[in-house]
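Fold and geometry: a report
Take a look at the letters that make up each chain.
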Amino acid sequence: MHIKSDVAISDSGFVFVPATGESFTVNPIGAAIIHMLKENKSVEEVSKQIFENYKTDMATVEKDMNDFVAMLKQYSLIDTND
Amino acid sequence: MEKQRYERPLIKKLESSMPNKFGTRTEYVPMTHIDDVAVKDLIDKYESPLFVISEKTIRGNIRKARKAFENRYPKVQFAWSYKTNYLDAVCRTFHQEGSWAEVVSGFEFDKALNNKVDGSKIIFNGPDKTEEDIRKAIQHNALIHIDHLDELYSIQELATKAKKKARVAIRVNMDTGIYPMWDRFGFNYENGQAWDALNKIMRSEVMILEGLHTHIGTFMLSPNAYAVAAGKLADLAISIRDKYQHEVKYIDMGGGFASKNNLKGAYMPGADMNPTIDEFAEAITSTLINSNFKPDKLPLLILETGRALIDDAAHLLGTVISNKRLSDGRRTTIIDIGVNILFTSFWYDHKITPAQPFTQYTEDTVVYGPLCMNIDVIRDNVNLPLLNKGDHVVIQSVGAYNMTQWMQFITLRPRIVMIDTERKVHVIREKENLNQLLEFEHIPDHLKDFNL
Amino acid sequence: MTKQILTIAVTGLNAIDSPGPGVPVIRGLKEAKAFNARIIGLSYESLEPGIYMHELVDKTYQIPYPSSGVEVLFERLKYIHNQEKLDVIIPNFDAEMFSFIKLASELKSMGVHTFLPTAEQFEERQKMNLPDFGKKYDITVPASEAVFTAGKLAEVLKEFEFPVVVKGKFYDAKIVYNYEQALSAFNDMAAKWGVPVILQEFVRGTEFDVTGLGDGKGNTVAAVLMRKQYITDKGKAWGGIAITDEKLLKLTKHFIKETKWGGGFELEFMKDKEGEFYLMEINPRIPAWVYLAVGVGQNIPEALTLLALGEKVKPYTSYESGKMFIRYSWDMIVELKEFEMISTTGEL
């Protein structure tokens, strides 16, 4: 699972895809997840990291991660070649 | 390192046609307390969902309404509209503030008597008064507002039998320039029905014409319609005076003032657009004062305002059950408040406010209730902060009609608490339990046993 | 002597094919003789062109949509005022006028001035109230009637001759030529905007527009007459010419005198073949073609600003007729960073 290499994310949570010209905004947790995915961490590793850093439970993280990754796929921000 | 507050990750596509909500970050302020009592404590102690009524707000509302009218007119009387909210604690708060009772059925009449309201201070409205109801009303000297001719003849007959005079008024319907015209209740002004009924009453030996009543509609947004209505009632009263030398004691303008809720489909929020009680008061009182009543013979002005006095005094607390995504990608949140206890979600876009802090990030969300029924939709599209499972929400302005029109359906009805003016919390209606409901039921002998 | 600097917030930065008046208002303010204007843009969406016109707009803040309510708007304006110390706000959208009128006195107590019609003036000029408005102020308006149910449509139509204009409660208008078309238009509008639907007499003729400024006491501070020369498919003027017409000017002054209108406005008139002017619509704000007025010698945005500040303004009494405005579009090159800023922080 990789975020497409040309996807740029700024500190303010602004995501820009040069290939399509589309832009998105993400909240701070969303930005943290995208940063980690760009560092080639697996979804499991990212989930674990989120669970460690935030006041929540693993079931919630897994459910929300699934949904978020599905949105990233829907918006074509994820390389489908893996 | 301390863990940070969790919020679900969110990604939103920026579209040129899409309203950008980042400018609206101040739109939501969490509602953590009601009258200084923490929402979380209320739910911990009394469970979710929970209706919370503010006694302070009720008293503030009725005092403000009285002031609005009394500053403009010498004789004003409010009557609490039982059907809007007939919890005894609510009714008695209004009675303590000087309001009479306005009822529309024998059941409500009994409830008012049970609340120790003197019969002569009960106004009996509505199209369905049984003979038993009428007898009781005559007995208690109540003000009977006649809805149709059949009722008029019944009163004539029953009062004659009882050898007691009935105190009556007629309900008048009329064209006030608004739509829909509520011509199903009472006697029509324009076609002469009302005048005809008044003449019948004036010629009766057993009926005393005490007043004139109208109720032009509900959730009215036009103060001017009330001015038109007050003018027409004043004309009738003056015609009676001129023909029979009989002064009617009161003019009852009914209710129908809009609350601050948002009607579905309205663009601007109700809190900004809907007229204030002062605007209604100005329209009604200036018409009466400028009419042909002699200054020392102005009739008592009765108001049966319900919704505008109670709506914002009640909140409904609930809890997030789950967040889901629909097949078309829309975000949905399921809460434990269903349309069976929040009937008004069919006609209002109720404001839903989180009860705990959140960030400025928001998402367009469909809010569903917990019922396994497709119609159970609380908001079909609302831009909400990101709520987690277990978070609490406050639905505002739910005081009118919900606690009378609610039903036991799929779930049992929850508790209602009232926060008094000293911030003390009282349970004023217990939550329902299975045994209470089973008491209504009977099982035929042959259905008692089965084997599965 | 150096001119004073005023900080003026302006909405309506959507200089698109159906343009908001913000950018032309700002151009007027920039050309003011009495002051130098520092402009704060107030925008609703990230792609309003005015946001990116840095030679006209010094800084832009996003503000909440009118539908979020007066209280939310007030909070945002307080924040902006804290940052920028606003002297004046000039709102330019119909939909936001109500909120600004409601906030006018609260804004004033913070030191932010507006110059707007009263709530009563705003209300009585609404489309639905036009017949009463005409009667009250003795101004000829097309006959119109509100219809609440499809069942009543045929009855009300008897009072009119075809063609008839069917108008929605808030927006939309359609010309119909028979009962069937009227019914279908009625159903359309009722579904979209709710009832009533308004039936209006169709006035055949030439359209004339007036923009002006009333001082709230019945005096005309500015009034410029214009005939549209080129109209886009959205019905907007893409070119127009300043004209003089004594009768129309008199009508405009009559309108200001009788209503004691305070603030900018646009009147839309139709002149029929008998030469009679029918008042079709009253917009309670400055129109997008206001720069023509500035160009012919009546700087309405400047005068409005001065009136807002409570200063005495010498009324404009003449202008150069025969000058035209021709609109054009212009492609700006914008850095993504700027779009990012306004999209994520709501400020640029």
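A few points about the overall build of chain A
Summing up its helical and strand segments, chain A has three helices and six strands in all. Computed over its C-alpha atoms, the radius of gyration of chain A comes to 12 Å, within 12% of the 12 Å expected for a compact globule of 82 residues. Taken along the three principal axes of its C-alpha coordinates, chain A extends 35 × 30 × 20 Å. Burial statistics for chain A: of 82 residues in total, 46% are counted as buried. Carbon and sulfur atoms make up 50% of the accessible area of chain A, which totals about 4000 Å². For chain A, the distance from the average position of its 7 positive side-chain charges to the average position of its 13 negative side-chain charges is 2 Å.

Examining the packing of helix α1 (residues 28-38) of chain A against helix α2 (residues 43-53) of chain A
Pairs of packed helices are described in terms of their axes, by the angle between the two and the distance that separates them. Residues and elements named next belong to chain A. Direction vectors running N to C along α1 and α2 enclose 140°, while the axes themselves pass 10 Å from each other. Taken together, the axis directions place α1 and α2 in an arrangement best described as oblique. In terms of crossing hand, the pair formed by α1 and α2 is right-handed. Contact residues: Ile29, Ile33, Met36 and Leu37 in α1; Val43, Val46, Gln49 and Ile50 in α2.

Digging into the sheet that holds strand β1 (residues 4-10) of chain C
All names here are of chain C. One open sheet accounts for four strands, arranged β3-β2-β1-β4; its pairing is parallel. Whereas interior strands pair on both sides, the edge strands pair on one side only; in this sheet they are β3 (59-62) and β4 (88-90). Along the sheet, successive strands turn relative to each other by an average axial angle of 30°, direction set aside.

Observations regarding the pattern of salt bridges
Residue and element names in this part refer to chain C. Per the counting criterion, the structure on display carries 44 salt bridges over all chains. Put simply, Lys271 and Asp245 hold a salt bridge, and the shortest N to O gap is 3.9 Å. Of this pair, Lys271 sits in strand β12 (residues 262-271) while Asp245 sits in the loop between β11 (237-243) and α8 (246-259), and the two are 26 residues apart along the sequence. Using a relative accessible area of 18% as the deciding quantity, one classes Asp245 as buried. For Glu340, the salt bridge identified is with Lys337, shortest N-O distance 3.6 Å. Highlighted residues: Glu340 and Lys337, both in helix α11 (residues 336-345), separated by three residues, approximately one helical turn.

Description of the interface of chain B and chain A
Contacts between the two partners involve 19 residues from chain B, matched on the other side by 28 residues from chain A. The junction of chain B with chain A conceals about 2300 Å² of combined surface from both sides, 58% of it contributed by carbon and sulfur atoms. Inspection of the region where chain B meets chain A yields three salt bridges. Ionic pairing is found between Asp67 of chain A and Arg331 of chain B, a salt bridge with its closest N-O pair at 3.0 Å. Applying the counting criterion to the chain B and chain A interface returns eleven residue pairs in polar contact (both at pLDDT 80 or more).

Concerning the packing of aromatic side chains
Counted according to the given criterion, the structure contains 28 aromatic pairs over all chains. With centroids separated by 5.8 Å and ring planes inclined at 75°, the aromatic side chains of Phe69 of chain B and Phe78 of chain B adopt a geometry described as edge-to-face. With respect to burial, Phe69 of chain B and Phe78 of chain B carry one shared label: buried. Considering the side-chain rings of Tyr86 of chain B and Phe107 of chain B, the 5.3 Å spacing of their centres and the 90° angle between planes classify their relative orientation as edge-to-face. Placement of Tyr86 of chain B in the loop between β6 (76-81) and α3 (88-96) and of Phe107 of chain B in helix α4 (residues 106-114) is noted, with a sequence separation of 21 residues between them. Among the aromatic residues, those joined into a ring-pair cluster are Phe69, Phe78, Tyr226, Phe257 and Phe280 of chain B. Positioned above the aromatic ring of Phe51 of chain A is the side chain of Lys3 of chain B, whose terminal nitrogen or guanidinium carbon lies 4.5 Å from the ring centre. The ring of Tyr291 of chain C has Arg27 of chain C sitting right over it, with the charged end atom 3.8 Å from the ring centre.

Some remarks on the packing of helix α6 (residues 150-157) of chain C against helix α7 (residues 179-193) of chain C
All names here are of chain C. Two elements in contact, α6 and α7, have axes whose closest approach is 10 Å; the angle formed by their N-to-C orientations is 135°. The orientation of α6 with respect to α7, classified from their angle, is oblique. In the crossing of α6 with α7, the sense of the turn from one axis to the other is right-handed. Note on element contacts: α7 touches α6 through Tyr179, Ala182, Leu183, Phe186 and Asn187, opposite Ala150, Leu153, Ala154 and Leu157. Grouping the constituent residues of the contact of α6 with α7 by class yields eight nonpolar, one polar and no charged.

Let's talk about the domain arrangement of chain B
Residue and element names in this part refer to chain B. Each assigned domain of chain B is listed with its residue range as follows: domain 1 (21-52 + 312-437) and domain 2 (55-310). For domain 1 and domain 2, the distance between their C-alpha centroids amounts to 33 Å. On the side of domain 2, 24 residues touch domain 1, which itself brings 25 residues to the contact. The interface formed by domain 1 and domain 2 holds zero salt bridges in total. For the interface between domain 1 and domain 2, the tally reads ten residue pairs in polar contact (both at pLDDT 80 or more). Elements supplying a minimum of two residues to the side of domain 1 that touches domain 2: α12 (402-405), β21 (416-419) and β22 (425-429). With three residues, the top contributor of residues to the side of domain 1 that touches domain 2 is β21. Within the side of domain 1 that touches domain 2, the residues separate by chemical class into twelve nonpolar, seven polar and six charged.

What about the pairing of β21 of chain B?
Within a regular strand, the side chains alternate between the two sheet faces. Residue and element names in this part refer to chain B. Alternating residues of β21 divide into Ile416 and Met418 and Val417 and Ile419, and every residue in both groups is buried. Where strand β5 (residues 50-54) and β21 come together, four bridges link them in parallel fashion. Residue pairing in the sheet places Phe51 in a bridge with Ile416 of β21. Bridge analysis of β21 against β22 gives four bridges, and the strand direction is antiparallel. Within β22, the position partnered with Met418 by the bridge is His426. Counting the residues in the hairpin turn of β21 and β22 gives five residues, including Arg423, whose phi is positive at 70°.

Points about the sheet that holds strand β4 (residues 22-26) of chain A
Strand order in the open sheet made by the four strands is β2(A)-β3(A)-β4(A)-β2(B), with antiparallel pairing throughout. Looking at which strands have only one partner, the edges of the open sheet turn out to be β2 (8-9) of chain A together with β2 (11-13) of chain B. In the packing of α11 of chain C onto the sheet, contacts are made with β3 (14-17) and β4 of chain A, and the angle to β3 of chain A comes to roughly 140°.

Calculation criteria
- Residues numbered from 1 in each chain as written.
- Chains lettered and ligands numbered in written order.
- Predicted model: local features only at pLDDT ≥ 70, side-chain atom pairs only at ≥ 80, totals over all residues.
- Heavy atoms only, no water.
- Helix = DSSP H or I, 4+ residues; strand = E, 2+ residues; numbered from the N terminus.
- Rg over C-alpha atoms; globule rule 2.2 N^0.38 Å.
- Buried < 20%, exposed > 50% of the residue type's maximum accessible area, 1.4 Å probe, protein only.
- Areas by Shrake-Rupley, 256 points an atom, 1.4 Å probe, with all protein chains shown as cover.
- Lys, Arg positive; Asp, Glu negative; His and termini not counted.
- Charge placed at Lys NZ, Arg CZ, Asp CG, Glu CD.
- Axes fitted to C-alpha atoms, helices over the stretch in contact; angles between N-to-C directions.
- Parallel < 35°, antiparallel > 145°, perpendicular 65-115°, else oblique.
- Left-handed = near helix turned anticlockwise from the far one by under 90°.
- Contact = heavy atoms within 4.5 Å.
- Pairing = 2+ DSSP bridges.
- Salt bridge = Lys/Arg side-chain N within 4 Å of Asp/Glu carboxyl O.
- Buried area = accessible area lost by both parts, 1.4 Å probe.
- Polar contact = N/O pair within 3.5 Å; in protein donor to acceptor, adjacent residues only side chain to side chain.
- Phe/Tyr/Trp six-rings, centres within 6.5 Å; stacked < 30°, edge-to-face > 60°.
- Lys NZ or Arg CZ within 6 Å of the ring centre and 35° of its normal.
- Nonpolar A, V, L, I, M, F, W, Y, C, P; charged D, E, K, R; others polar.
- Domains from an automatic or database assignment.

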